[in-house]
Amino acid sequence: AADGMSVDLRSRLAQRLDAEIAAAPPARAAVLQVQRAMLWLRHGHEAEARAALDRLHAQALARPGAELAAWLHLAEGLMAYYSAFGGGARERVRRAFVMAGAAGLASLQALCQAWLAQMAFVDRDIDGLVAHATAALAGAPDDATACRVASALGMAWDLARDEAAAGAWYAWGRRAASADGDEAGFAALLYNQMQ
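What you see is a predicted model; the values in this text were computed from it and never measured. Residue positions are given per chain, counting from 1 as you read along its sequence in written order. Where totals are concerned, whole chains, interfaces and linings use all residues; where local detail is concerned, this predicted model gives features only for residues with pLDDT of at least 70, and gives and counts side-chain atom pairs only at 80 or more. Hydrogens are left out, water is left out, and the side-chain values use all remaining heavy atoms of the structure.

K.L.:
When you look at the nonpolar core in this model, what are you seeing that I'm missing?
P.N.:
Burial of nonpolar side chains together is a common tendency in soluble globular proteins. With 44 residues, the main nonpolar core has V34, W71, L74 and L108 as its most contacted residues. Strands here mean DSSP runs of E at least two residues long; helices mean DSSP runs of H or I at least four residues long; both are numbered from the N terminus. For this core, the secondary structure elements donating two or more residues are helix 1 (12-23), helix 2 (26-42), helix 3 (46-62), helix 4 (66-84), helix 5 (89-102) and helix 6 (106-122). The contact rule is simple, with two residues in contact once any of their heavy atoms fall within 4.5 Å. With residues up to four places along the chain from it excluded, the contact list for L74 reads M38, V93, A96, L108, L111, C112 and W115. Nine residue types can take part in a nonpolar core, namely buried Ala, Val, Leu, Ile, Met, Phe, Trp, Tyr and Cys, and a core is a set of them joined through side-chain atoms within 4.5 Å. When accessible area is computed with a 1.4 Å probe and restricted to protein chains, residues below 20% of their type maximum are described as buried, those above 50% as exposed, and intermediate ones as partly exposed. With 19 residues, the next largest nonpolar core counts A114, M155, A166 and A176 among its residues.

K.L.:
Before we go on, may I ask you to explain helix 9 (residues 163-180) in this structure?
P.N.:
An α-helical turn contains 3.6 residues, so any two residues separated by three or four positions project in the same direction. For helix 9, spanning 18 residues, the distance from its first C-alpha to its last is 25 Å, which sits close to the expected 26 Å at 1.5 Å a residue. Of all the residues in helix 9, the buried ones are A165, A166, Y170, A171, G173, R174, A176, A177 and D180. Residues of helix 9 that are buried make contact with helix 1, helix 8 (143-159) and helix 10 (183-194). To estimate how far a helix should extend, the number of its residues minus one is multiplied by 1.5 Å.

K.L.:
Before we go on, may I ask you to explain the pattern of salt bridges in this structure?
P.N.:
Side chains bearing opposite charge may pair, as long as their charged atoms lie close to each other. In the sections that follow, a salt bridge refers to a side-chain nitrogen of Lys or Arg positioned within 4 Å of a carboxyl oxygen of Asp or Glu. Taken as a whole and judged by the stated rule, the model has eight salt bridges. Linking D180 and R16 is a salt bridge whose minimum nitrogen-to-oxygen distance equals 3.2 Å. A residue pair is termed long-range when its members are at least 10 positions apart, and D180 in helix 9 and R16 in helix 1 qualify at 164 residues. We classify R16 as partly exposed; its relative accessible area is 34%. With a shortest N-O distance of 3.4 Å, E67 and R28 are connected by a salt bridge. Linking E67 in helix 4 with R28 in helix 2, this pair joins segments that are 39 residues apart in sequence. On the basis of relative accessible area, R28 is assigned to the partly exposed category, the value being 35%.

K.L.:
Any chance you could explain the packing of aromatic side chains here in plain terms?
P.N.:
What characterises a pair of aromatic rings is the spacing of the ring centres plus the angle enclosed by the ring planes. For Phe, Tyr and Trp, rings pair up if their centres lie within 6.5 Å, where Trp contributes its six-membered ring, and each pair is then called stacked (planes under 30 degrees apart), edge-to-face (over 60) or tilted (otherwise). Taken as a whole, this structure holds four aromatic pairs when the rule is applied. Aromatic pair Y81 and W115: ring centres 5.9 Å apart, planes at 70°, arrangement edge-to-face. Note that Y81 is positioned in helix 4 and W115 in helix 6, a separation of 34 residues in sequence. Ring centres of Y82 and W115 lie 6.1 Å apart, and the angle between their planes is 75°; this geometry places the pair in the edge-to-face category. Taken as a pair, Y82 in helix 4 and W115 in helix 6 lie far apart in primary sequence, 33 residues in all. The class for Y82 is partly exposed, based on a relative accessible area of 32%. The structure contains a cluster of three or more aromatic residues connected by ring pairs, namely Y81, Y82 and W115. The residue whose ring lies beneath R124 is F121, and the NZ or CZ to ring-centre distance is 4.5 Å. Positioned over the ring face of W115 is R148, at 3.9 Å from the centre of the ring. Two thresholds decide whether a charge sits over a ring: the Lys NZ or Arg CZ must be within 6 Å of the ring centre and within 35 degrees of the ring normal.

As structure tokens, this is what we get:
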């Protein structure tokens, strides 16, 4: 990779991010590197993701930017979510949501809402799940947001024992994951549906 950081993922999303990072100006490349670190984390490469995020935090201190800061907060929320199943995760993702709003980053706000819906499901907070999912779906969600919110809603409908509704959400999420080239998201949706 152009930034010297690399995890070999057989993922169209990873390949696309690598190519975009190589071609992007420094500020944009840093944001894409955060997204790539989040993908590494979801693929189980926590140490590599942590190293990349530490380097990007140092970069953000040297050259502050609202978009990079918001993405870093989301990434730290996911790091907490995956390592401690929620220890401080929700607060970090909420902070990312607020920062994204202040910077006018609607798609990042929607992605934060989708992750908050996922976290609400884990806590069996159905009212929170519905509120966050509704907010995530309010605009035209991008594929990453659609995949995450579909996972949360599919699992919620599974919990309510409505297989048809769950199946519809899982199918929508799989289409979004496939369109995004997100093999980790696709696999997670399949796993959740099989459970």
